[in-house]
Amino acid sequence: MTQHTGDAAGTHRLLATPAGRTHVVESGSGPLVLLVHGFPESWYSWRRQLPALAAAGYRAVALDVRGYGRSSKPADPAAYRMLELVADTASVVEALGERTAVVVGHDWGAAIAANSALVRPDVFRAVGLLSVPYTPRGGPRPSEVFAAMGGDEEFYVSYFQQPGRAEAEIEPDVRGWLAGFYAALSAGTMPPPGAPDPHFVTRGGQLRDRFPAAAGGGRAAAGGEGSAAGLPAWLSSAELDFYAGEFERTGLTGALNRYRNMDRDWEDLAAYDGAPVRQPSLFLGGSLDASTTWLADAIAAYPATLPGLAGCHVLEGAGHFLQQERAAEVNAHLTTWLAGLPG
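None of the values given here were measured: they were computed from a predicted structure.

**Q** Please explain the pattern of salt bridges as it appears in this structure.
**A** Oppositely charged side chains may form a pair once their charged atoms are brought near each other. Under the defined criterion, the tally for this structure stands at 19 salt bridges. For Glu239, the salt bridge goes to Arg47, with nearest N and O atoms at 3.1 Å. Residue Glu239 is found in helix H8 (residues 237-250), and its partner Arg47 is found in the loop between strand E4 (32-36) and helix H1 (50-55); the two are separated by 192 residues along the sequence. The same class applies to Glu239 and to Arg47, which are both buried. Glu246 is the salt-bridge partner of Arg249, the closest N and O atoms lying 2.8 Å from each other. Of the two residues, Arg249 and Glu246 both sit in helix H8, 3 residues apart, roughly one turn of that helix. Taken together, the shared-partner salt bridges connect Arg13, Glu26, Arg59 and Glu98 into one network.

Structural data, given as structure tokens:
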């Protein structure tokens, strides 16, 4: 284990895991709470939770998922399958000298957190999910489901699943693309009702064609330098610089490889078809977030799929990047839930 200097958020460490190394940022002491980010983010998306959880008496640790930030980036696309990511989360707990942890995830991190609890109940004693509801493994092959969703257009997941395609769009102007993507999914900057949906791509087009133009979207911005104008309220220009700097250094392939393993996950997790996550759980979503609203049936099924659910809160007027957009409310829900968990 290599320890690095601290910053305002906490102490940076590199831990030996199946990925090779996993970069984490740690703050506080007490019961371990592991924080797992989504796409396209990093440990930094938990910068407003780390001090709040530390102040509440927890050892809060945010990681860079493999493929992101300072964590290892295996070359093999299959190295980004869900079971590998679960192995990383369990190894982080062990490398930190702990036997158990609460795991909390956002976006893809919510899926990683849920599957970590499902596959390693010996390690993960409770699970918090932000923005993306738990949906048990089942149904048709995922790539077939997503291919059928777009009609005359293409669903963004299918777009991301093609190696190199999204990279060719994003990497010439990482900062501008991120600005547009974050704005497109955030309250206050997302396209208004009835506007073309930014989750879909026109055949032959790019995802950024439907991003808010002021934040780096639209064809006029393609290939140009992104602007700080039009950023969502939760994201400062300096914070965007951090995210852009990470992805300009690492590229996007490691992050996008998560989307390219969904069929492998479906095969790998066949033994867990329909399985509930039984540990104590919490769900937080945003009322304006398609990741929450499209999966309303999954939330309705929680009595069967999350029998240990202690709270389900959909924050009115909130978008997708929940723990950054509505940090105070998320922190309050998390600390209240954590305080009520069995010791």
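That was the structure; now back to the text.
**Q** Whenever I open this one, the packing of aromatic side chains confuses me. Can you help?
**A** Two aromatic rings, taken as a pair, are described by how far apart their centres are and by the angle between their planes. Per the counting criterion, the structure on display carries 28 aromatic pairs. The lysine or arginine in question, Arg47, covers the ring of Tyr44, its NZ or CZ lying 4.4 Å from the ring centre. Just above the ring of Trp108 sits the side chain of Arg258; from NZ or CZ to the centre is 4.6 Å.

**Q** Looking at this structure, how should I read a nonpolar patch on the surface?
**A** The grouping of Val145, Met149, Trp294 and Leu295 at the surface amounts to a nonpolar patch, some 330 Å² of accessible area in total. Locating Met149 in the fold gives a position in the loop between helix H4 (142-147) and strand E8 (153-155).

**Q** In this structure, what is going on with the environment of Gly254? I would like to understand it.
**A** Residue position: Gly254 is located in helix H9 (residues 253-256). Residue class for Gly254 comes out buried when judged on its relative accessible area of 10%. Residues Gly254 and Val330, spaced 76 residues apart in sequence, show a C-alpha to C-alpha distance of 28 Å. Not counting residues within four places of it along the chain, the set of residues in contact with Gly254 comprises Arg66, Gly67 and Tyr80.

Basis of the calculations
Residues numbered from 1 in each chain as written. Predicted model: local features only at pLDDT ≥ 70, side-chain atom pairs only at ≥ 80, totals over all residues. Heavy atoms only, no water. Salt bridge = Lys/Arg side-chain N within 4 Å of Asp/Glu carboxyl O. Helix = DSSP H or I, 4+ residues; strand = E, 2+ residues; numbered from the N terminus. Buried < 20%, exposed > 50% of the residue type's maximum accessible area, 1.4 Å probe, protein only. Phe/Tyr/Trp six-rings, centres within 6.5 Å; stacked < 30°, edge-to-face > 60°. Lys NZ or Arg CZ within 6 Å of the ring centre and 35° of its normal. Patch = residues over 30% accessible without salt bridge, like charges linked within 9 Å, V, L, I, M, F, W, Y side chains within 5 Å. Areas by Shrake-Rupley, 256 points an atom, 1.4 Å probe, with all protein chains shown as cover. Contact = heavy atoms within 4.5 Å.

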